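Here are the chains, one letter per residue:
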Amino acid sequence: ERVIPKRFHLEFIYGIGIGVEEMECVAQLLTKSGCTMEELELPVDDDDDHDEIAELFSSALAENKTMRKLDLFFHSSTMTITGWKEFSSLICDNSSLNATYGSNH
């Protein structure tokens, strides 16, 4: 059985980040029922589609109840309003007043 750490931080090396394929693997870990990771800090490759990465992580975190801190380091962010909308739906569920009040993100 693999152990998933509670905190994971990858140092940013100028110009080198993690690509979409690696991000997909990390996002899959976050969807596992046994995942207890609380903090994740990852540098993002500038050449990748930042909206796609936002979609990956917002989908993965939708049911995750343990993540408290997610830092995706963009050297030069090209995330558009599409990517930001992915995350805003996690932060505040505005489908109803009760859902907004009960949002745990």
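On a predicted model such as this, the values are computed, not experimentally measured, just so you know. (Residues numbered from 1 in each chain as written. Predicted model: local features only at pLDDT ≥ 70, side-chain atom pairs only at ≥ 80, totals over all residues. Heavy atoms only, no water.)

Caption draft 1: Layout of the overall build of the chain. A tally of helices and strands in the chain yields 4 helices and 3 strands. Moving toward the C terminus, one meets the helices and strands of the chain in the order β-α-β-α-β-α-α. Buried positions account for 30% of the 105 residues belonging to the chain. Considering only residue pairs separated by 6 or more positions, the chain has 78% of its internal contacts joining residues 24 or more positions apart. In the structure as shown, the chain presents an accessible area of about 7100 Å², 53% of it carried by carbon and sulfur atoms. (Helix = DSSP H or I, 4+ residues; strand = E, 2+ residues; numbered from the N terminus. Buried < 20%, exposed > 50% of the residue type's maximum accessible area, 1.4 Å probe, protein only. Contact = heavy atoms within 4.5 Å. Areas by Shrake-Rupley, 256 points an atom, 1.4 Å probe, with all protein chains shown as cover.)

Caption draft 2: A look at the pairing of strand 2 (residues 39-44). Across the 6 residues of strand 2, 5 count as buried, placing the element largely inside the fold. Where strand 2 lies against strand 3 (residues 69-74), 6 bridges are found, and the strand directions are parallel. Within the sheet, the bridge partner assigned to Leu40 lies in strand 3 and is Leu70. For the crossover from strand 2 across helix 2 (residues 50-61) to strand 3, the handedness is right-handed. (Pairing = 2+ DSSP bridges. Right-handed = clockwise from strand over helix to strand, strands pointing away.)

Caption draft 3: Up close: the pattern of salt bridges. Scanning the model with the defined rule gives 2 salt bridges in all. Residues Glu41 and Lys69 are paired through a salt bridge, measuring 2.9 Å at the closest nitrogen-oxygen approach. Here Glu41, found in strand 2, pairs with Lys69, found in strand 3; they are 28 residues apart in sequence, far enough to count as distant. Judged by relative accessible area, Glu41 falls into the buried class, the value being 12%. With a shortest N-O distance of 3.8 Å, Lys69 and Asp71 are connected by a salt bridge. On the basis of relative accessible area, Lys69 is assigned to the partly exposed category, the value being 34%. What makes Asp71 partly exposed here is its relative accessible area of 25%. Connected through shared salt-bridge partners, Glu41, Lys69 and Asp71 make up one network. (Salt bridge = Lys/Arg side-chain N within 4 Å of Asp/Glu carboxyl O.)

Caption draft 4: View of the environment of Lys69. Residues Lys69 and Leu40 lie 29 residues apart in sequence; the distance between their C-alpha atoms is 6.3 Å. Contact partners of Lys69, with chain neighbours within four places excluded, come to Glu38, Glu39, Leu40 and Glu41.

Caption draft 5: Layout of the environment of Met37. Topologically, Met37 is positioned in the loop between helix 1 (20-31) and strand 2. The exposure class assigned to Met37 is buried, which follows from its relative accessible area of 4%. In this structure the C-alpha to C-alpha distance between Met37 and Asn64, which are 27 residues apart in sequence, comes to 9.3 Å.

Caption draft 6: Molecular detail of the confidence of the model for the chain. Confidence in the prediction of the chain, expressed as mean pLDDT, is 76, and 70% of residues score 70 or more. Within the chain, strand 1 (residues 7-9) has the poorest average pLDDT of any element, 61, and helix 2 the best, 88. (pLDDT = per-residue confidence, 0-100.)

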